[in-house]
Amino acid sequence: MVNPVISHIIGTISILQATIIILAAFSFMGFIYQMQNQNIMLGEVAESAAREIVELISVYTLGGGSTSYMYLTLPDTLGGQPYLIQLGESGDNVLNVTAKLQVYQQVRVVVTPNFGQNPVHAVKGTVTIGGFTVSDTLYMPLPPGRKPVVIAFSMGGSIYVGFSSVPISP
């Protein structure tokens, strides 16, 4: 006959193993749910940035001017994680807005309305225009006291669009 102490030890170890397996399963399910939510939030960020680029280009091509910018309404982080937004192009007046986390990436294609004569392009790399450092990439969160903007400017017979940040005015 088995000693009662040994059977209690085996029973206790079995209960602990079952508890650990159940906790691991719930943790994994929570992680999957969180990642799905972050993917949805990432898509919304890409869509929001694309929509604001379209608005800025609409106003800029109608009104002209040398440089125009518009504040972007973006969250600082997505689920506590930093992210980045990149701007690329697929041709004249066709821009790609890509929002990235370490795990997910969302791409939105933007066909910009062009009411002027000049084609619209994404900035490649970094350019300094009118006191702004304009880039094709925006890393979020920004340093404290800064706000993200999308900037449109004319250069060499074309309209260029890019991201920058400006100080928050008091």
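No experiment lies behind these values; they were computed from the predicted model shown.

Cut-offs used in this document
- Residues numbered from 1 in each chain as written.
- Predicted model: local features only at pLDDT ≥ 70, side-chain atom pairs only at ≥ 80, totals over all residues.
- Heavy atoms only, no water.
- Pairing = 2+ DSSP bridges.
- Helix = DSSP H or I, 4+ residues; strand = E, 2+ residues; numbered from the N terminus.
- Axes fitted to C-alpha atoms, helices over the stretch in contact; angles between N-to-C directions.
- Expected span 1.5 Å × (residues − 1).
- Polar contact = N/O pair within 3.5 Å; in protein donor to acceptor, adjacent residues only side chain to side chain.

Asker: Can you walk me through the sheet that holds strand β8 (residues 137-140) in this structure?
Answerer: The strands that make up a sheet pair up through hydrogen bonds in the backbone, lying either parallel or antiparallel. Strand order across the open sheet formed by four strands is β4-β3-β2-β8, with antiparallel pairing between neighbours. The sheet is open, and its two edges are formed by β4 (105-111) and β8, each paired on a single side. If you compare each strand with its neighbour and ignore which way they point, the axes differ by 20° on average. As defined by bridge partners, strand β3 (residues 94-100) adjoins β4 across seven bridges and the pair is classed as antiparallel. In the sheet register, V97 faces β4, and the bridge partner there is R108.

Asker: Just to check I follow, could you spell out helix α1 (residues 4-63) for this structure?
Answerer: Its 60 residues place the ends of α1 88 Å apart at the C-alpha level, agreeing with the 88 Å of an ideal helix rising 1.5 Å per residue. Immediately beyond the C-terminal end of α1, within one or two residues, lies G65, with a positive phi of roughly 90°.

Asker: Honestly, the side chain of T61 in this entry has me stumped. Any pointers?
Answerer: Relative to the helices and strands, T61 is located in helix α1. Engagement of the side chain of T61 in a polar contact is seen with the backbone oxygen of S58, the distance being 3.4 Å.

Geometry only, nothing functional implied.
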